[in-house]
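Architecture at a glance
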Amino acid sequence: MTKVYLDNAATTPVLPEVLEAMLPYLREAYGNPQSIHDWGDEVREGIEEARGRVAALIGASPEEILFTSSGTESNNMAIKGLAMAQQSKGKHVVVSAIEHFSVLHSARTLEKAGFELTLVPVDKHGLVHPGEVARSLRPDTVLVSIMWANTEVGTIQPMAEIARVVKESGAVFHTDAVAAAGNIPVDVGQTGVDALSLAANQFYGPKGAGALCVKRGIRILPLLDGGVQEGGRRPGTENVPGIVGLGKAAEMAKMGMPSRMKHLTALRDRLIDGLPSRIDHMMLTGHRTQRLPGSASFCIEFIEGESMLMLLNQKGIAASSGSACTSRALKASHVLTAMGIPVELSHGSLLFTFGIANAESDADHVLESLPPIVERLRKMSPLYDKFLKQERGGK
Amino acid sequence: MPIYSDKVMDHFMNPRNVGEIQNADGVGEVGNPVCGDMMTFYIKVKDNRVDDVKFKTFGCGAAIAVSSMVSEMAKGKTLEEVRKITPDMVAKQLEGLPKNKHHCSNLGAQALNKAVDDYLAKQGKGPGVKSRRRQKDEKEATCEEG
């Protein structure tokens, strides 16, 4: 059976070049980078090379890059660490309604610690309007965090305009760029971002390796207390192979970005343009053009996402869904809900995310496999039954 | 490790008794689209036994497998026996369900019971003796979690 992996939003595979770059640090280059001898020096060099590559990917200076364990850690450190460091100026924090849980829940933790929180709404395409951000700002707002791009619906935010609004107010501006960095052009200098989170496993690097960029002059408190690693801001013995892998993946992403984007956009559009003519009563979620190159997300009426995923898996296709039944907590996706998509429709959410290894034939496999799956589940669905009866009755 | 047992996968991939019975003797519908699962059971009754049973289900893999299993368990049973089918029995027959999917097994037993209620009401026999579980279930009209 043809196996087609279209869940690159969950994680991307590690590129062979990335693995090769990491291997020496799992074998002979085992020294502790803090040690004052050749073993330490060798490893320290690897880390600093990686720091330079990550900085180059996002238009930052190497000393502005902190290595972390994940996008989640970067977001936790940014939200809590930046807000706590600025709290003498005020205790109001603003984030969008469609943030990743690592941002939303960190903001809720701040609320419990006495901060006030405002959630900025999004429109039906999942766009945050700079005007809405401006409306949410107060004299005591110390931190604003708006994600660069949303994994679940692919929508890319107008970052430069949002950053301008925030900077005028004097608040610190953080962005969760985990879905964006390495996949689309991201430049902190040009955009005017103060802090940015990214993760290696979103662009063909290893899991367990993330980074937080904090621009010079921005104060942040550490999450962990310990030694001198990462300038004392992120103590703990470095995940050297992970950091080196992140660096290599960043270098390759920067070099390959234009061709990768072109390739992925064509695959994505093949699905976005091809599915609605084969399946009725479905909709695209997220913005049609302002979206991540590899992302095709939909809601399909009268059926449920997990059943679709299971039948797709039988056809060798890996996808994902924001359906409540696929989430461990059985909660409808807060992203789809914030976009005004009715809960009953969000149960039919389906997300295909292409990666650089995918080909046109993979999109075609979905175009062929999904319609019969939808038909099969609708035949079983009492909702579709009711809809058909109503339609017949209405005519 | 797959999240579902082989038995669940079998009933999900090859669900038994899918469909609708025209002129059914009893119809039971539970759940709603907002909660993400909805089941409709149709029964034909002959000599106090479930002679035929069909269902339609909107929901996750577990919900579909549960519906299929419940329909198999009900077929040929007396109404009294059908009343005694509990969610735990359904889950056991399916070789277990993930923790957060146990509410699906409740729905299956509920829908079948409702179809029996409907049959008895149509016979002028009233809803009959509801099991304690049914009375409890009716109070829990909101979406169940886990």
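That block above? That's the structure.
This text gives an overview of the structure that appears in the document.

Our focus in this paragraph is the interface of chain B and chain A. Taken together, the contacts link 30 residues of chain B with 26 residues of chain A. The junction of chain B with chain A conceals about 2300 Å² of combined surface from both sides, 62% of it contributed by carbon and sulfur atoms. Taken together, the links from chain B to chain A amount to 4 salt bridges. Ionic pairing is found between B:Lys101 and A:Glu306, a salt bridge with its closest N-O pair at 2.8 Å. In this structure, the connection of chain B to chain A is made through 14 residue pairs in polar contact (both at pLDDT 80 or more).

Our focus in this paragraph is the sheet that holds strand E2 (residues 37-46) of chain B. All names here are of chain B. Spatially, E1-E2-E3 is the arrangement adopted by the 3 strands of the open sheet, whose pairing is antiparallel. Each edge of the sheet is formed by a strand with only one pairing partner; in this case those strands are strand E1 (26-32) and strand E3 (49-58). Here the average twist between neighbouring strands, direction ignored, is 15 degrees. Strand direction decides the pairing type here: E1 and E2, joined by 7 bridges, are antiparallel.

Let us look at the pairing of strand E3 (residues 92-96) of chain A. When a strand is regular, its side chains alternate between the sheet's two faces. All names here are of chain A. Among the 5 residues that make up E3, 5 are buried, leaving the element largely enclosed by the rest of the structure. Side-chain alternation along E3 places His 92, Val 94 and Ser 96 on one buried face and Val 93 and Val 95 on a second face that is also buried. The sheet contact formed by E3 and strand E4 (residues 116-120) spans 5 bridges and is parallel. Along E4, the bridge assignment pairs Ser 96 with Val 120. Handedness of the crossover is the feature at issue here: the chain leaves E3, passes through helix H4 (residues 101-112), returns alongside E4, and the resulting connection is right-handed. Here 4 bridges tie E3 to strand E5 (residues 141-145), and the two strands are oriented parallel to one another. In the strand pairing of E5, Val 93 is matched with Leu 143.

Parameters at a glance
Residues numbered from 1 in each chain as written. Chains lettered and ligands numbered in written order. Predicted model: local features only at pLDDT ≥ 70, side-chain atom pairs only at ≥ 80, totals over all residues. Heavy atoms only, no water. Contact = heavy atoms within 4.5 Å. Buried area = accessible area lost by both parts, 1.4 Å probe. Salt bridge = Lys/Arg side-chain N within 4 Å of Asp/Glu carboxyl O. Polar contact = N/O pair within 3.5 Å; in protein donor to acceptor, adjacent residues only side chain to side chain. Pairing = 2+ DSSP bridges. Helix = DSSP H or I, 4+ residues; strand = E, 2+ residues; numbered from the N terminus. Axes fitted to C-alpha atoms, helices over the stretch in contact; angles between N-to-C directions. Buried < 20%, exposed > 50% of the residue type's maximum accessible area, 1.4 Å probe, protein only. Right-handed = clockwise from strand over helix to strand, strands pointing away.

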